[in-house]
Amino acid sequence: MYHLRLKGDHYKMGVKRGKIFKKSQIFFPLQLDNFQLEHGKRSEAILKKYFPEVCEEIRGVSDTIGVDYLHFASWMLCMACCMYNLENNIPALIRGCTAFAYTRGGRILYGRNNDLPPYLREGSKSEIYAPKNGNRFNITTSSFINGEEGLNEHGLVVCMTFVMTSLDKIQAGFNSCFIVRYLLEKTNNTKQAISQLYKLPIASNCNILLADKSGNMVVVECTPSMKKIRYAESFGNDRIICTVNSFTSNEMKLYDDAKGNDYDSHKRYQVVMDSFALERIKEDYVETTKQLLKGDYGFMCQYDNEPDFETVWSSIFDLKSLTIYRAEGDPRKKKFIIDNRLHDLKMKGD
């Protein structure tokens with residue numbers, strides 16, 4: 001996993017990344033069909049309206065590596081949405097992943113397993129952003145510029161999980177990974193994030209988990225035509241919210257087009273909720289959360305019988321201290337390492 005720090009002007013941040021790509025001789029196939037090109041172009045116009053700064057960052061990359069900006073932006077906006085010609089394109093559609101947040105014993109913690117084809121593991125990144133006129137944040141991603149999860153300096157977590165969408169239902173708009181980036185940079189707490197999310201046109205089905213250091217946590221189940229807030233479940237004085245690769249609310253299930261092909265989403269969801277209800281998450285909360293992510297309490301990351309699929313990283317965020325614990329690979333095999341970069345940046349006021 002790469003660990004990069006970017007700060008300042010968005011275009012210049014893009015140039016810095018582009019220079020890294022050139023030096024490392026990283027090239028992008030950019031194989032898009034007519035449907036994807038049209039979707040990307042229409043979505044870029046929406047992205048520019050709501051988040052022009054990130055378009056400048058994309059332009060900084062495309063100018064530096066010498067590719068057409070609109071084609072490059074279109075390719076990025078098809079990610080986690082309609083990147084179905086996988087033999088020609090990376091990253092693959094994100095169809096795994098389990099994420100949750102909970103309050104217990106005065107702690108507010110978030111955990112995630114990010115499940116992907118293993119060839120994406122080596123290119124995954126944990127990046128610290130300090131953008132001009134925006135929040136400072138850590139974002140973890142199998143791509144770049146956008147991401148699957150993150151924590152910002154205000155103690156706000158934003159993460160996505162993929163939910164399958166039929167091609168005929170996809171609309172121009174933000175894909176789930178750009179939603180994560182936008183809310184991390186632009187909002188300070190769950191209430192603000194919900195307000196901004198409801199203004200965004202959404203390209204395809206996804207779940208967006210939001211949690212802040214006050215303990216306010218929700219999942220917003222999103223489709224191109226509607227959004228629904230799902231609130232945390234209470235167990236005495238404690239609460240938990242979990243999301244996988246399906247919609248949990250009864251009224252949203254009919255929009256899920258996976259038809260059960262979702263890497264045992266229901267099983268993963270139930271393991272998380274049962275672990276909390278049965279008080280397996282206790283005492284040393286970070287350690288028992290690690291055990292949950294490792295699959296000690298039931299199926300979570302045990303994709304041994306799945307060809308070309310695994311947990312490529314696991315994360316735990318402490319929302320109050322801004323401490324991050326991350327296993328860069330299958331958490332059964334890799335140790336969780338403390339990442340204090342965001343905490344230290346906040347403390348220094350850099």
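For the structure itself, consult the block above.
These numbers were taken from a predicted model, which means no experiment stands behind them.

**Q** I'm lost on the sheet that holds strand E10 (residues 227-231) in this one. Help?
**A** In any sheet, the strands associate via hydrogen bonds between backbone groups, in a parallel or an antiparallel arrangement. Read across the open sheet, the eight strands follow the order E1-E4-E5-E6-E7-E8-E9-E10; overall the sheet is mixed. Looking at strand neighbours, the two that pair on one side only are strand E1 (2-8) and E10, the edges of this open sheet. Recorded for the sheet is a direction-independent mean angle of 15° between the axes of neighbouring strands. Note that E1 and strand E4 (residues 125-131) share seven bridges and pair parallel. Across the sheet, His3 pairs through a bridge with Ser126, a residue of E4.

**Q** What is the right way to look at the packing of aromatic side chains in this model?
**A** To describe a pair of aromatic rings, one takes the distance between the centres and the angle between the planes. Tallied over the entire structure, the rule returns 17 aromatic pairs. Ring geometry for Phe28 and Phe72: centres 5.6 Å apart, planes at 75°, overall edge-to-face. One end of the pair, Phe28, is in the loop between helix H1 (10-23) and helix H2 (34-50); the other, Phe72, is in helix H4 (residues 69-78), with 44 residues separating them in the sequence. Overall, the relative accessible area of 18% leaves Phe28 in the buried class. With 5.6 Å between their ring centres and 55° between their planes, Tyr102 and Phe276 make a pair best called tilted. Linking Tyr102 in strand E2 (residues 98-104) with Phe276 in helix H7 (residues 265-277), this pair joins segments that are 174 residues apart in sequence. Put simply, the rings of Phe21, Phe28, Phe72, Trp75 and Phe144 touch in pairs and so form one group of aromatic residues. A cation sits over an aromatic face here: Arg59 above Tyr69, 4.0 Å from the ring centre.

Rules and cut-offs
Residues numbered from 1 in each chain as written. Predicted model: local features only at pLDDT ≥ 70, side-chain atom pairs only at ≥ 80, totals over all residues. Heavy atoms only, no water. Pairing = 2+ DSSP bridges. Helix = DSSP H or I, 4+ residues; strand = E, 2+ residues; numbered from the N terminus. Axes fitted to C-alpha atoms, helices over the stretch in contact; angles between N-to-C directions. Phe/Tyr/Trp six-rings, centres within 6.5 Å; stacked < 30°, edge-to-face > 60°. Buried < 20%, exposed > 50% of the residue type's maximum accessible area, 1.4 Å probe, protein only. Lys NZ or Arg CZ within 6 Å of the ring centre and 35° of its normal.

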